Amino acid sequence: MTVTSTDSGRIVRPTSLEEAIAASTERPDARILGGGTLVVAERSLGIDIPPAYLLLSGIAELRGVTSDGATATGGAARIGAQTTLRALLDAALSPMLDVALRSLATPQIRHRATVGGNIAERRPAHTLAPCLLALDASVGSAGPEGSRRRSIRDFAAEGLGAGEILVDVALPARGGFQRFVRVAPRNGPGYAIASVAVSIDPTARSVRSGIGGSGPTALPGTAADDFLAGAVDWESGAVPAGAAEEYGRLLADACDPPTDDRASAGYRRHAIAVMGRRLIEAWNEEQQRG
Ligand SMILES: Cc1cc2nc3c(=O)[nH]c(=O)nc-3n(C[C@H](O)[C@H](O)[C@H](O)COP(=O)(O)OP(=O)(O)OC[C@H]3O[C@@H](n4cnc5c(N)ncnc54)[C@H](O)[C@@H]3O)c2cc1C
């Protein structure tokens with residue numbers, strides 16, 4: 001492990017996860033740095049100037065995507081926390097991730113920004129968490145209290161403990177319909193005002209969704225998912241009349257949206273209901289076309 005002292009603080013560069021855990025235990029005041037696109041911006045703006053940084057970039061075991069080789073059709077995969085968003089895009093794991101990642105910031109930022117940095121703080125406007133909820137991911141982490149793996153639903157609700165480092169995200173094999181949609185102030189890349197990710201796996205007869213920008217963290221649309229999974233005729237794939245509308249309504253019910261300078265709570269709730277309905281209508285149309 002290298003430790004560099006600069007005029008503005010200490011920079012700790014572990015080369016293994018073990019070293020990183022030891023360093024974060026020893027220096028709880030050090031801010032973890034993944035790709036630094038958020039941390040460095042916050043330093044520049046004077047929002048957070050910690051006495052030390054713990055850089056994860058030298059830890060090879062945290063980088064990269066490994067998959068079972070069937071990724072384009074929804075195979076299982078492990079994504080290291082230090083995997084850049086560009087590398088995740090290149091891995092072509094899911095059509096949902098493809099759309100979501102292309103909407104996230106700019107190519108330059110995606111080249112540096114990491115998966116761990118995107119989800120560690122559970123910021124509601126961040127792009128990946130709704131997709132990971134819809135893909136039924138799990139999150140691995142390690143810290144002074146040991147290692148653990150949790151469902152993304154539990155992670156979204158609980159977050160990381162003190163000194164805990166996000167290690168990886170695991171995606172189970174999940175085929176079928178996978179979509180991400182959002183409303184945003186402009187068409188190009190950037191933070192969404194609200195977003196919905198939905199994955200419908202007809203083989204597993206399972207519906208999973210994630211809602212972004214409309215609560216204190218990304219939220220699972222559990223009641224909507226359970227409703228749709230019970231309403232669909234899985235043999236034919238037919239969606240009963242009114243079910244898409246009800247799905248959108250239940251998604252909106254699951255939200256706890258803020259009003260801020262970008263949109264009102266009412267707008268966000270309405271947008272979630274419309275996006276949810278349209279996604280199910282799109283799936284239904286896809287089914288009808290065969
Ligand atoms: C112009 C601009 C546009 C942006 N647009 C978007 C957008 O559309 N959508 C979006 O989601 N984000 C956006 N971002 C924010 C940011 O770039 C991304 O969220 C990015 O994924 C953060 O990753 P990072 O590796 O750079 O994080 P860092 O800046 O390194 O870290 C972010 C936070 O996560 C913590 N952290 C990092 N890695 C770990 C780990 N392994 N374990 C524990 N804690 C960790 C850090 O301590 C820090 O608190 C934008 C940023 C800018 C500057």
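So, how was this worked out
- Residues numbered from 1 in each chain as written.
- Predicted model: local features only at pLDDT ≥ 70, side-chain atom pairs only at ≥ 80, totals over all residues.
- Heavy atoms only, no water.
- Near = heavy atom within 4 Å.
- Polar contact = N/O pair within 3.5 Å; in protein donor to acceptor, adjacent residues only side chain to side chain.
- Areas by Shrake-Rupley, 256 points an atom, 1.4 Å probe, with all protein chains shown as cover.
- Helix = DSSP H or I, 4+ residues; strand = E, 2+ residues; numbered from the N terminus.
- Pairing = 2+ DSSP bridges.
- Axes fitted to C-alpha atoms, helices over the stretch in contact; angles between N-to-C directions.
- Contact = heavy atoms within 4.5 Å.
- Buried < 20%, exposed > 50% of the residue type's maximum accessible area, 1.4 Å probe, protein only.
- Core = buried A, V, L, I, M, F, W, Y, C linked by side-chain atoms within 4.5 Å.
- Domains from an automatic or database assignment.
- 1 Å grid on protein atoms, 1.4 Å probe; cavity = no way out; pocket = protein on both sides within 12 Å on 5 of 7 lines; lining within 4 Å.
- Points joined across faces, edges and corners; volume = space filled by probe spheres on them.

Trainee: How would you explain the site of the ligand if you had to name every residue and give the values?
Mentor: Lining the immediate environment of the ligand, one finds 30 residues, of which Ile32, Gly34, Thr37, Thr114 and Glu121 sit closest. Between the ligand and Gly34 there is a distance of 2.7 Å, counted from an oxygen atom to a backbone nitrogen or oxygen. Compared with its free state, where it exposes 970 Å², the ligand has 88% of that area covered by protein. Of all the secondary-structure elements, those providing two or more residues to the shell around the ligand are β3 (30-33), α6 (115-119) and β9 (165-171).

Trainee: Explain the sheet that holds strand β5 (residues 65-67) to me, and be specific about the residues and the numbers.
Mentor: Spatially, the five strands line up as an open sheet ordered β5-β6-β9-β7-β8, and their pairing is antiparallel. Every other strand in the sheet has two partners, leaving β5 and β8 (146-151) as the edge strands with one partner each. Averaged over neighbouring strand pairs, the angle between their axes works out to 20 degrees when direction is ignored. Looking at chain direction, strand β6 (residues 77-80) and β9 are connected through four bridges and run antiparallel. Bridge pairing in β9 places Gly80 opposite Asp168. Along the sheet face, helix α1 (residues 17-26) touches β7 (138-143) and β9 and points at about 135 degrees away from the line of β9.

Trainee: Before we move on, could you go through the side chain of Ser206 and cite the residues and values that matter?
Mentor: Note that Ser206 resides in strand β12 (residues 206-212). Within the structure, Ser206 has its side chain in polar contact with the side chain of Arg174 (distance 2.9 Å). Not counting residues up to four positions away in its chain, the partners in contact with Ser206 are Arg174, Ser199, Ile200, Asp201 and Trp234.

Trainee: Explain the side chain of Gln82 residue by residue, including any values.
Mentor: Residue placement: Gln82 occurs in the loop between β6 and α3 (85-90). What makes Gln82 buried here is its relative accessible area of 7%. If near-sequence neighbours (up to four positions away) are discounted, Gln82 is found in contact with Leu33, Gly34, Leu56, Ser57, Leu62, Arg63 and Thr114.

Trainee: I'd like a description of the nonpolar core, backed by residues and values.
Mentor: Formed by 33 residues in total, the largest nonpolar core has its most connected members in Leu97, Leu101, Leu128, Val169 and Leu171. If you list the elements that add at least two residues to this core, you get β6, α3, α4 (95-102), α6, α7 (128-134), α8 (152-158) and β9. Here the element with the most residues in this core is α7; it accounts for six residues. Built from parts of two domains, this core gets at least three residues from each of domain 2 (62-171) and domain 3 (177-289).

Trainee: Quick one: what's the story with the pairing of strand β11 (residues 194-201), residue by residue and with numbers?
Mentor: Of all eight residues in β11, eight are buried; the element is thus mostly enclosed. Burial along β11 is two-sided: Ala194, Val196, Val198 and Ile200 facing one way and Ser195, Ala197, Ser199 and Asp201 facing the other are all buried. Alignment of strand β10 (residues 177-183) against β11, held across seven bridges, turns out to be antiparallel. Paired with Gln178 across the strands is Ser199, a residue of β11.

Trainee: So what about the layout of surface pockets? Which residues, and what values?
Mentor: Considering only enclosed or pocket space, the largest pocket measures out at about 900 Å³ in volume. Around the largest pocket, the lining comprises 40 residues; the ones closest to its centre are Leu38, Val39, Gly117, Ala120 and Glu121. When contributions to the lining of the largest pocket are tallied by element, the ones reaching two or more residues are β3, α6 and β9. Per element, the largest residue contribution to the lining of the largest pocket is four residues, and it comes from β3.

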